[in-house]
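The lines below spell out each chain.
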Amino acid sequence: MRNLKKGLSRTVDPQGKVDRKSREFRERGAASVFLVLMIPVLFGALAVALDFGKLVYQQQQLSNAMDASALAAVHELPNPVAAETTAKKFATLNDPQAAPVVTFWCIVASSGAGRTVATGQIPGVCDPGTTAGARCTETICAIPCPKTSDRKCNSVTVTDDKDVPFDFAPVIGINSGNTGAQSATACNGSCGALSPNPMDVALVADRTGSMTDTNRDKMIAGIKKTLQTMTKEQQYVALGTIHRSKSAPGTCITEPSGNNTGPWIPVPFSNNYTLNPATPGATPPLNTTSTLYQGLDCLNSSSGGTYLAAPMKAAARYVLGEDANNLGSLPVRPTSTPAKKAIIFETDGQPNEANIAGSRLIKTAGDIGSSNGNTACDNLTAVAGNAKDLDVLIVTVAFGDAGTKNCDGSNGNGVARALAASASKDASGNVSQANYDCATLNGRIAENRDGDFFFCAADGDELGPIFTAAINAISPNSHLIRIPD
């Protein structure tokens, strides 16, 4: 008993309290057990967090893919079969397992507060056959559009979802997650607006002797096709040439000048370059009696030098009204949106100019030129910069040697860099640049797809479609839109 009491005295104090050291030991033991029990929970939470981040990433990637698919598909309308094929093709390029659902709409203007279809836009804008099922806001109405050849849809929706296998969460029994349905809708044309955006554009085309007859003919054909993608009532087009045209031409308004006299912009703004299409949505035929068509049709080679700054300055002064133009004689466009002033400037080589003392400022009349190639390129970028300061949007196209020569005539890409520097910033505000080698096919493809306002081409086959791309860059025909709930 004496030994037992002695042993108890070591664990119990005189007041019957638990010995402090023993209590701390038991508490440490309990904490260790708790920590062991919590480890699976902590690992599970970490696994869920990591895989949730993967799911969010895949959801954004799928959303981007739907945007790209819708924008690609809408260019095929009014052919719904081709549009659906293109949508699925672009979706599978992003994800081989993609299986999007493609639906079509006719999007027109709304009556306003009444939220009903502005029927005056049917069948001109699009033709769904009936207005049943229309979803309207006070601005637009989206009408379900059948995927049949007798109907004309102007919008496409691409929808898909995706199961995402998890990497870590399976340890707690969660093998995958789903992105949920991701949708994108793209519309082609006015898309509910009463009229498309107005634009005053000067096309400046090089026809100097360094351009072969074949390439020049293909360039002309490309410009004509571009006109068929435009809206003549809203987009007024003038034609400029490098070198000049005669002040008093004969039967051809673009007859080349034999000296440094005559207009840089021989063909005034036109609003009748196409005729009405045979059926709504069809490609409009060209108006062969239009001054613009006739000026293109007889655009012959010029023996004059390749000037850069002078025709750019003349085009800017013309679209801005600093030099007399004919806009005052054309119909006032029924929109409160001011017409966008734009220049598409194409040249096929390094500068070949005479010395002309003149100002780089658009507001100051008169030509400018330099026999020094580097100075000529500097003059171009300065003149273009001043035009951009006056809200003129500039698209530049380097053709042939313009993509492979320096401004002094040596091999390089100095002319391309000067043309890129003369172009406007892209839609995101980034400066246009000659980032790729225009001497190679892959380089030209990359340059023409990078989203800025500088393009390059090696021959007439490549040049023709670039004019259409340039017009679409200035005034896109398609854009993403939200379908009313």
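Residues numbered from 1 in each chain as written. Predicted model: local features only at pLDDT ≥ 70, side-chain atom pairs only at ≥ 80, totals over all residues. Heavy atoms only, no water.

A. Inspection of the pairing of strand 4 (residues 155-160) at higher detail. Burial within strand 4 is extensive, with five of its six residues counted as buried. Bridge count between strand 1 (residues 101-109) and strand 4: five bridges; the pairing is antiparallel. Across the sheet, the residue bridging to Val101 is Thr159, located in strand 4. Looking at chain direction, strand 4 and strand 7 (residues 182-188) are connected through six bridges and run antiparallel. The residue bridging Thr159 from the neighbouring strand is Ser183, located in strand 7. (Buried < 20%, exposed > 50% of the residue type's maximum accessible area, 1.4 Å probe, protein only. Helix = DSSP H or I, 4+ residues; strand = E, 2+ residues; numbered from the N terminus. Pairing = 2+ DSSP bridges.)

B. Here's a closer look at the pattern of salt bridges. Counted under the stated rule, the structure contains 14 salt bridges. In this structure, Asp461 and Lys218 form a salt bridge, with 3.0 Å as the shortest nitrogen-oxygen distance. Residue Asp461 is located in helix 10 (residues 460-474), and its partner Lys218 is located in helix 4 (residues 213-227); the two are separated by 243 residues in the primary sequence. Judged by its relative accessible area of 31%, Lys218 is partly exposed. One salt bridge in this structure joins Lys232 and Glu233, with 3.0 Å as the shortest N-O distance. (Salt bridge = Lys/Arg side-chain N within 4 Å of Asp/Glu carboxyl O.)

C. Region of the structure containing the environment of Ala365. By the secondary structure assignment, Ala365 is in the loop between strand 11 (340-347) and helix 7 (373-389). Residue classification places Ala365 among the exposed residues on the basis of a relative accessible area of 54%. Distance in space between the C-alpha atoms of Ala365 and Asp323 is 8.2 Å, their sequence separation being 42 residues. Apart from the residues lying within four places of it in its own chain, the contact partners of Ala365 are Lys313 and Arg317. (Contact = heavy atoms within 4.5 Å.)

D. Fine view of the confidence of the model for the protein. Here the protein averages 83 in pLDDT, while 84% of its residues score no lower than 70. Of all secondary-structure elements in the protein, the lowest mean pLDDT belongs to helix 1 (residues 2-8), at 41, while helix 6 (residues 309-320) reaches the highest, 97. Confidence drops under pLDDT 50 across residues 1-18; counting only partners more than four residues distant or on other chains, this segment forms seven contacts. (pLDDT = per-residue confidence, 0-100.)

E. View of the state of the cysteines. By the definition in use, this model includes five disulfides. Disulfide pairing places Cys145 opposite Cys153 at an S-S distance of 2.1 Å. A torsion of -90° about the S-S bond marks the disulfide between Cys145 and Cys153 as left-handed. Like Cys145, the residue Cys153 is buried in the burial classification. The disulfide partner of Cys438 is Cys456, and the gap between their sulfur atoms is 2.2 Å. On the sign convention where negative is left-handed, the bridge of Cys438 and Cys456, at about -90° about the S-S bond, is left-handed. (Disulfide = S-S within 2.5 Å.)

F. Fine view of the environment of Cys377. Locating Cys377 in the fold gives a position in helix 7. Spatially, the C-alpha atoms of Cys377 and Pro351 are 7.3 Å apart, while their sequence positions differ by 26 residues. Here Cys377 is in contact with Leu308, Pro351, Cys407 and Ala418, once residues within four sequence places are set aside.

G. A look at unusual backbone geometry. For the bond running from Ile242 to His243, omega is 10°, close enough to zero to count as cis. Tracing the backbone through its elements, the reader meets His243 in the loop between strand 9 (235-242) and strand 10 (267-270). One non-glycine residue, Arg115, lies in positive phi territory at about 50°. Residue position: Arg115 is located in the loop between strand 1 and strand 2 (135-136). Taking relative accessible area as the criterion, Arg115 reaches 47% and is therefore assigned partly exposed. Positive phi, close to 70°, is recorded for Asp391, a residue that is not glycine. Topologically, Asp391 is positioned in the loop between helix 7 and strand 12 (392-399).

H. Up close: the sheet that holds strand 8 (residues 199-206). Spatial ordering of the open sheet is given by 10-9-8-11-12-13, a layout of six strands whose pairing is mixed. Edge positions in the sheet fall to strand 10 and strand 13 (454-457), since each of these pairs with one other strand and no more. Strand-to-strand, the axes of this sheet are offset by a mean angle of 15°, without reference to chain direction. Taken together, the two bridges between strand 9 and strand 10 define a ladder with antiparallel strand orientation. Looking at strand 10, one finds that Val237 is bridged to Ser270. Most of the contacts of helix 4 go to strand 8, to which it runs at about 170°, and overall it touches strand 8, strand 9, strand 11 and strand 12. Sitting on the sheet, helix 8 (residues 414-422) is in contact with strand 11, strand 12 and strand 13, with an inclination near 165° to strand 12. (Axes fitted to C-alpha atoms, helices over the stretch in contact; angles between N-to-C directions.)

I. Region of interest: the nonpolar core. Counting residues in hydrophobic clusters, the biggest one holds 43 residues, and the most contacted among them are Phe269, Met312, Ile343, Phe345, Ile394, Leu419 and Phe454. Residue assignment for this core shows that the elements contributing at least two residues are strand 8, strand 9, helix 6, strand 11, helix 7, strand 12, helix 8 and strand 13. The biggest single contributor to this core is helix 6, with eight residues. The residues touching Phe345, leaving out its near neighbours within four places in the chain, are Val204, Ile242, Tyr307, Leu308, Pro311, Met312, Val395, Thr396, Val397 and Leu419. Membership of the second largest hydrophobic core comes to 35 residues, among which are Leu227, Leu239, Leu299 and Ala423. (Core = buried A, V, L, I, M, F, W, Y, C linked by side-chain atoms within 4.5 Å.)

J. Main features of helix 8. Among the nine residues in helix 8, seven count as buried, and that is most of the element. For helix 8, the elements touching its buried residues are strand 11, helix 7, strand 12 and strand 13.

K. Representation of the environment of Ala87 in the model. Along the polypeptide, Ala87 turns up in helix 3 (residues 80-94). Along the primary structure Ala87 and Val158 are separated by 71 residues, whereas in three dimensions their C-alpha atoms are 7.1 Å apart. With residues up to four places along the chain from it excluded, the contact list for Ala87 reads Ser69, Ala73, Val102 and Val158.

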